[in-house]
Amino acid sequence: MWEKGAVTCGYGEIDTQDLSLIGRDNGRTRMKTQLFKPGMRFFKGNTHAHSTASDGRLSPEAVFETYRATGYDFLALTDHWHVCAARDWRGMLVIPGAEYDFSFPTQVLHLVCLYRDEGDAAGIARGMSHTDVIRHVNQAGGICIAAHPAWSLNTPEFLKSLDGVEISEVYNTMSDEPFNAPRGNSESLLDVAAANGKPFRLVAADDSHPYAGEQCAAWTMVQAETLSVPAIIAALREGRFYATQGPDFHDITVEGDTIAVETSPVSRVTFCSNLYWVEGRCRAGSGLTREVYRVHPGERFVRVQLTDANGKRAWSSPIITEHLLG
Ligand SMILES: [Zn+2]
């Protein structure tokens, strides 16, 4: 049955105020949901970067300038166990953040946390459990992001246990070649987690440390009311964002059992889901800008992946679809 707010992206409901009834199809109400708000601006940002305040090579100011000069609207400086203050750096918003690490026998957890205010991190210290840190950050109105889960050797079971962490990096530049073993890409791992009931929303980030070419390579486009810390964090909570190395999503609309995507010109559009094989999920061509996909029986989530002519990718968050076929 269709219900108000039935179309979701990742965990929470998306834009329930934008849901509109557009008629009935075989007695079933068809609803149309746009996952992004028409006309609202997207802001470009990196949610994961380091400076000399921990193990990065550049000073905080040099990091800010690196991203500002490349056209970023916001940056979260996320040094290890060290929170930076919010500031306006020549028109670029700096969001308070930190990265906390936890070790387990066969894996690690690196948590990137963004705060509404640097003071909200008070009380977090090495030695705390990851569950206590996640609870603290959420109670302060902040956001927890699972960093580079493939690099961290995370298991789907462990990822599923992370209550209070609803966002993960699908791509982390520093965790990929030529900087590291090729584990920057967490697509497959996060698909397994989603198929097992943990559909993280997806960001992409640099995790910049040496500033040797990994900077300004993967980012997140966030659709927010204004360029401010509360507005960016609210948009991250509500799911109005996508991850990218270059291609752009302009619109994602779910109507009935179809998903329509409008994008910048790309060479491939792929509809990934929990199903092993689906006829027609891969679309290829030159200058593709609009594709429509019909959800198949058994598809509990669908996420959309773009690849442009240069091989650069963009990722939507998983769209929860298990209810769409009634
Ligand atoms: Zn990091």
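Within any chain, residue numbers begin from 1 and follow the written order of that chain's sequence. With pLDDT at 70 or above as the cut-off, local features in this predicted model cover only qualifying residues; side-chain atom pairs require 80 or more to be listed or tallied, and sums for whole chains, interfaces and linings still use all residues.

Novice: Would you mind showing me how to read the overall build of the protein here?
Specialist: Across its full length, the protein holds five helices and 19 strands. Taken over C-alpha atoms, the radius of gyration comes to 19 Å for the protein, in line with the 20 Å a tight globule of 326 residues would show. Taken over the C-alpha atoms alone, the protein extends approximately 60 × 40 × 35 Å along its principal axes. The burial label depends on the number of other C-beta atoms within 10 Å of a residue's C-beta. Counts of 20 or more mean buried, 12 or fewer mean exposed, and intermediate counts mean partly exposed, with C-beta atoms placed from the backbone. The buried share of the protein, taken over its 326 residues, is 45%. We count a stretch as a helix when DSSP gives it H or I for four or more residues in a row; a strand needs E for two or more, and each element gets its number in order from the N terminus. Atoms counted for the radius of gyration: C-alpha only. Globule rule: 2.2 Å times residue count to the power 0.38.

Novice: Would you take a moment to explain helix α1 (residues 60-69) for this structure?
Specialist: Taken together, the buried positions of α1 are occupied by Pro60, Val63, Phe64 and Tyr67. What you see down the axis of α1 is that its buried residues fit within an arc of 100 degrees, all on one side. Opposite the packed face of α1, turned more than 90 degrees from it, sit the exposed residues Glu61 and Ala69. At the exit of α1 stands Gly71, carrying a positive phi of roughly 95 degrees. Directions from the helix axis toward the C-beta atoms define the arc.

Novice: Just checking my understanding: could you explain the nonpolar core for this structure?
Specialist: Nonpolar side chains in soluble globular proteins tend to end up buried together. When buried Ala, Val, Leu, Ile, Met, Phe, Trp, Tyr and Cys residues are joined through C-beta atoms within 7 Å, the set is termed a nonpolar core. If you look at the biggest cluster of nonpolar residues, it comprises 83 residues, and the most contacted ones within it are Leu75, Leu111, Cys113, Ala204 and Ala243. Excluding its chain neighbours within four sequence positions, the residues that come into contact with Leu75 are Gly45, Asn46, Ala49, Phe64, Tyr67, Met92 and Val94. In this description, a residue-residue contact is defined by the distance between C-beta atoms placed from the backbone, which must lie within 7 Å.

Novice: Is there a simple way to explain the pairing of strand β12 (residues 219-223) in this structure?
Specialist: Along a regular strand, successive side chains alternate from one face of the sheet to the other. Within β12, five of the five residues are buried, leaving the element largely enclosed by the surrounding structure. Residues Trp219, Met221 and Gln223 point to one face of β12 and Thr220 and Val222 to the other, with burial holding for every one of them. At least two DSSP bridges between two strands are required for those strands to pair. When strand β4 (residues 42-46) meets β12, the two strands line up antiparallel, connected through four bridges. Note that in β12 the partner of Phe43 across the bridge is Val222. Bridge count between β12 and strand β13 (residues 241-244): four bridges; the pairing is antiparallel.

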